[in-house]
Structure formats: C-alpha cells, structure tokens
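Residue-level structural notes
Below, each chain spelled out in residue letters.
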There are 2 protein chains.
Amino acid sequence: MLTETRSPLVEILSRQPLFRGLMLEELALIAQGSREIRAQKNEILFQKGDEPEGMRVLVMGQVKLSLPSAQGSEKVVHMCEPGATFGEAVVFLDKPYPVTAQATQDCLMVLVSKQSLLEALDGNAMLSRKMLASLSMRLHELLDDMETCTLRTSSQRVICFLSHLAPSGQPGQYEILLPASKQTIASQLNLAPETFSRVLGHLAGAGLIQVKGRSIRVLDSDKLRNFTS
Amino acid sequence: MLTETRSPLVEILSRQPLFRGLMLEELALIAQGSREIRAQKNEILFQKGDEPEGMRVLVMGQVKLSLPSAQGSEKVVHMCEPGATFGEAVVFLDKPYPVTAQATQDCLMVLVSKQSLLEALDGNAMLSRKMLASLSMRLHELLDDMETCTLRTSSQRVICFLSHLAPSGQPGQYEILLPASKQTIASQLNLAPETFSRVLGHLAGAGLIQVKGRSIRVLDSDKLRNFTS
DNA sequence: AAATTACTTTGACAATGGTCAAGTTTGATT
DNA sequence: AATCAAACTTGACCATTGTCAAAGTAATTT
C-alpha cells in the first residue's frame, strides 16, 4: 500500500478547483467514494425529481441545467463548464434534484457519493469553506439571472449577456464565441429563439455588432452598453 | 467569569434554528462578535452594492430582499421571517451585497461579524453542515421562484403561490392570510400589482376563492390547482 | 458527397401582461 | 373622529414578446 501509485481518480480530483490544496490522504478517501462517469452529447444525466446520488464534478465537456415546463419546453438555469460542480446542494438536503441535467458535449465527470463528501467536509474546515463559497457563488449567479430575466427588456438582456462575455482587458472592440447554441442562450435569457435572433439582427443593423454564426464581434462596447430600444 | 449569567445575546442566538445545538461556549464566542440591531418598518438595512458587514439573523419582524431596477422599480427576491438568516452568502465571497434589504415590519436582528462566523464554522462541522443546508435551501427556493417567473402564466403563478400557503393537513377548503402586501407579493411573482389584482378577481369570479383584504379563502384546492386561463 | 436532421432566420399575427389614469378602500396619524 | 397618505381596484389602451409557418443554413450521418 505504501508504494501504491496515485490512482487516476485522485489525480483528476486534485486538479479540480474545489479539491485543490487537499492532502493526498483526504483525496484518496474521497476517491474511494467516487466513480468516473462518461456521458455523450445530449445524454440526460438526471431529471428534475430524481433521487440524488451525490455531487458531480465536471472534468471535461459541458452540462446544461434546466427546469422543464409542463408543456415540454425548458428554462436553462446554468451551463456548467469544466471544474464546476453540480448536484451538490441536494447532498445537504433530503430532496430530489431541483433541475434536469443534460450533457451538451461529450463529458467526463466524477460522481462523489453523498457519504464521502459529508465525511470529507466534516474533517476539513477549508473544504467546507470552499464549498460554502461555491454555493454562495451559485446563489449570486442565480440572482443575476433573476435580475436579467425580470428587470430587463429583450435587448437589454442580450446586451448584458454579451457584455459579460467581454475579455477582461476591456477594449472598445472585441470578438466572442457564443458558449452554447443560440436556442440555449435564448432560453437562459428567457427569450424565444426567434426574439433572440431578431435582437441580434437589430443590434447588427444599428452597427454595434457583427454576427457570423456563433462568432460575434462587438464593434463598440460603450455604445452597446448604452444602446436603448 | 465562571458564574456569569448567560448574556441576552447568547440567549437569543441559542433559540435560532441555525445555532440550535451549539454548546454554550461556542455561542458565547459568536455572541462576542455580534451585536443586536433594531430597525423600524420601512427602514433600509443595506443596499445592493454596499460593502457587507456580516451575517444577519432575523429574530423578530420581517425583511424584504429585493433587486432594484434602473427605473426605480424593484423585484422582490425573498421575504425573511423570524429565524431566517440573510447576508450570509456574502461572507464567503468578497463581493458587495447582491440585493437590497428593507424592514417591512419593526425588526430585531443580530449581526454576526464575518470573522466570528468564519471562526465558528472552522471549529464546528455541525454548524458548517447547517450553513451548507441553509444555503442549499435558498438555492432551491430561488430555483422555484425562477420556475414560477419564467415558465408560468400570471394565473398559474398566483395559483401556485396560494397553493404553497395551504395548511399541511390539506383540506379542500382553507383560509390563508397573505404574508405581505399585495404589491410585494405581486413583485415576487413578477407581476404588476394591477395584474395580480385582476387575477385574484378572476379566480374569485370563477368561484374558486373569496378575497377579503389580505385574507383569502380557498374554496376548492383541487379545482384551483387545475384551473386554466 | 448526398441526405437527413437540427438549428437559425424571417415574416405575419396574436395575446399576454404592462402602463396610465381615475376612483375606491384601507390604514395611519394627528 | 377627521384627515391624509398609501394601498388596492378597475377600465381602456397598447407594446413587447411569443407563436406559428416557412424558408434558409449549418452540421452530422451514412
């Protein structure tokens, strides 16, 4: 046992933001209660209402979290990127999943069992702190989404979304690649795909952006932010 | 010191759900980093964007958490009732408050400093667990609100809201008292006050409810839930 | 490379819900 | 109790956004 090589799971876990800084023994313990899961594009990982299995760490790929409606439509709540965790909130409550999760790209995930996670948290204040920060972050993001969906018009929502994707060193002009399909983004913004398309067309017509498929060039970020109607 | 009577703050804290089960010494430590705050009805406790001071525990009264809009309107995000905590998410991030808090009744609160809270959490896995559960709960509630605001029509939102207020032993008929002003509830449901009023009128016209000020009598919960248009 | 499928755009139209204005009720304040 | 302000209701109107349909484009599969 002493000379055992680090398991691939431990290796993977050690590289995830949530677990960075943990000691090898702790990681090994968590790894013991975990398993790798692969999913291909479009696969449903779980449905709203399903009984939770544990927390998932997304290592590679992209996952869409959404609320299904009675009429078969959906509201996209969050897009998970590598390094993100999801299904964790449910570990601390005894409730079914509040959202549906679907892979939007081929995915590699780690499923950490409820029990291992709780044990790890009990023994490690730093991990608890990180977990609290992570949940708080999700709360803030959701509040932002709420703000976008309820207090803004369709144009403002799109402008807001584009502005959030601006590279950090804010030049007036920049190019972005939409992080998901236009339908998905439309749903995140609580817009019909048609409306999203029209707004982009409208902004392009006003000379503020150029749209080429998923690639969007913002020509003047200031004018864009101040655009009305 | 050994014979010191329990401070009123410790007394108060010990009765809050989050701190129930803690040992007296731990409570005393938290109390040392805390202070009582009183606020009268309509007083603003903090604004979105303000620098956070710590976590608040609502002991008595009612607090409205809302997102202000550029045009002076607001979206009510949550109504806090006694025993609830708020402003905690911000303790784990270094960000300004994401919402505005206003007393909607005369309030008694305890403000727990960031430092005391973090120290208490570091030393107590059970408290961490409770805190994680509390944040998870808020996340679930917000998701529910999101669902209500984005996937339902005005009537469905109101029906959903009324159904949530039904007493547990679900009889077909029950009476409820609205937990806040109609404008506030309308904002929570992302409806104009006029629309909320009209929907209530509509439901009353259909013989499903009776409205007398803030008191609403639901005449048939099943019919109400299945009501369309 | 062809074919099939999914995604996106555009147009015409309809409806839900918001806005404004005026009146009514409720509740607070003196 | 009288006055005032805030909350609520009702009506008329209209704007924004969703829906439906069809065409065009991109992407994937065989």
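The present account deals with the structure reproduced in this document. (Residues numbered from 1 in each chain as written. Chains lettered and ligands numbered in written order. Predicted model: local features only at pLDDT ≥ 70, side-chain atom pairs only at ≥ 80, totals over all residues.)

1. What about the overall build of chain A?
Scanning chain A from terminus to terminus reveals eight helices and 11 strands. Counting only C-alpha atoms and orienting by the principal axes, one finds that chain A spans roughly 65 × 40 × 30 Å. Counting all 229 residues of chain A, 34% fall into the buried class. Partitioning the contacts of chain A with sequence separation of at least 6, the portion at a separation of at least 24 is 69%. (Helix = DSSP H or I, 4+ residues; strand = E, 2+ residues; numbered from the N terminus. Buried ≥ 20, exposed ≤ 12 C-beta atoms within 10 Å, placed from the backbone. Contact = placed C-beta atoms within 7 Å.)

2. Concerning the sheet that holds strand E4 (residues 63–68) of chain A
What links the strands of a sheet is backbone hydrogen bonding, and the strands pair in either a parallel or an antiparallel sense. A sheet is described by the order of its strands in space; here four strands give the open sequence E2-E7-E4-E5 (chain A), paired in antiparallel fashion. Two strands lie at the open edges of the sheet, namely strand E2 (44–46) and strand E5 (74–80) of chain A, each paired on one side alone. Taking each pair of neighbouring strands and ignoring which way they run, the sheet shows an average axis angle of 30°. Of the strands in this sheet, E4 and E5 of chain A touch helix H4 (residues 125–151) of chain B, which is tilted by about 135° from E5(A). (Pairing = 2+ DSSP bridges. Axes fitted to C-alpha atoms, helices over the stretch in contact; angles between N-to-C directions.)

3. Some words on the protein's contact with DNA strand C
Every one of the 17 residues lining DNA strand C counts as a neighbour, but A:Lys182, A:Ser197, B:Thr153, B:Ser154 and B:Thr195 are closest to it. Among the elements of the structure, helix H6 (182–188) and helix H7 (193–205) of chain A together with helix H7 (193–205) of chain B are those that each provide at least two residues to the surface near DNA strand C. Among the elements that make up the surface near DNA strand C, the one with the highest residue count is H7(A) (six residues). Per-class residue counts for the surface near DNA strand C are five nonpolar, eight polar and four charged. (Near = placed C-beta within 6 Å. Nonpolar A, V, L, I, M, F, W, Y, C, P; charged D, E, K, R; others polar.)

4. Here's the deal with the packing of helix H4 (residues 125–151) of chain A against H4(B)
Two elements in contact, H4(A) and H4(B), have axes separated by 10 Å at closest approach and are oriented at 15°. Considered as vectors, H4(A) and H4(B) are oriented roughly parallel to each other. Taken as a pair, H4(A) and H4(B) cross one another with a handedness that is left-handed. The residues of H4(B) that touch H4(A), namely those facing A:Ser128, A:Met131, A:Leu132, A:Leu135, A:Ser136, A:Arg138, A:Leu139, A:Leu142, A:Met146, A:Cys149 and A:Thr150, are B:Ser128, B:Met131, B:Leu132, B:Leu135, B:Ser136, B:Arg138, B:Leu139, B:Leu142, B:Met146, B:Cys149 and B:Thr150. (Parallel < 35°, antiparallel > 145°, perpendicular 65-115°, else oblique. Left-handed = near helix turned anticlockwise from the far one by under 90°.)

5. Observations regarding unusual backbone geometry
Despite not being glycine, A:Asn42 has its phi angle at roughly 80°, a positive value. By the secondary structure assignment, A:Asn42 is in the loop between strand E1 (34–39) and E2. The phi angle at B:Asn190 is positive, at roughly 60°, despite the residue not being glycine. For B:Asn190, the location among the structural elements is in the loop between helix H6 (182–188) and H7.

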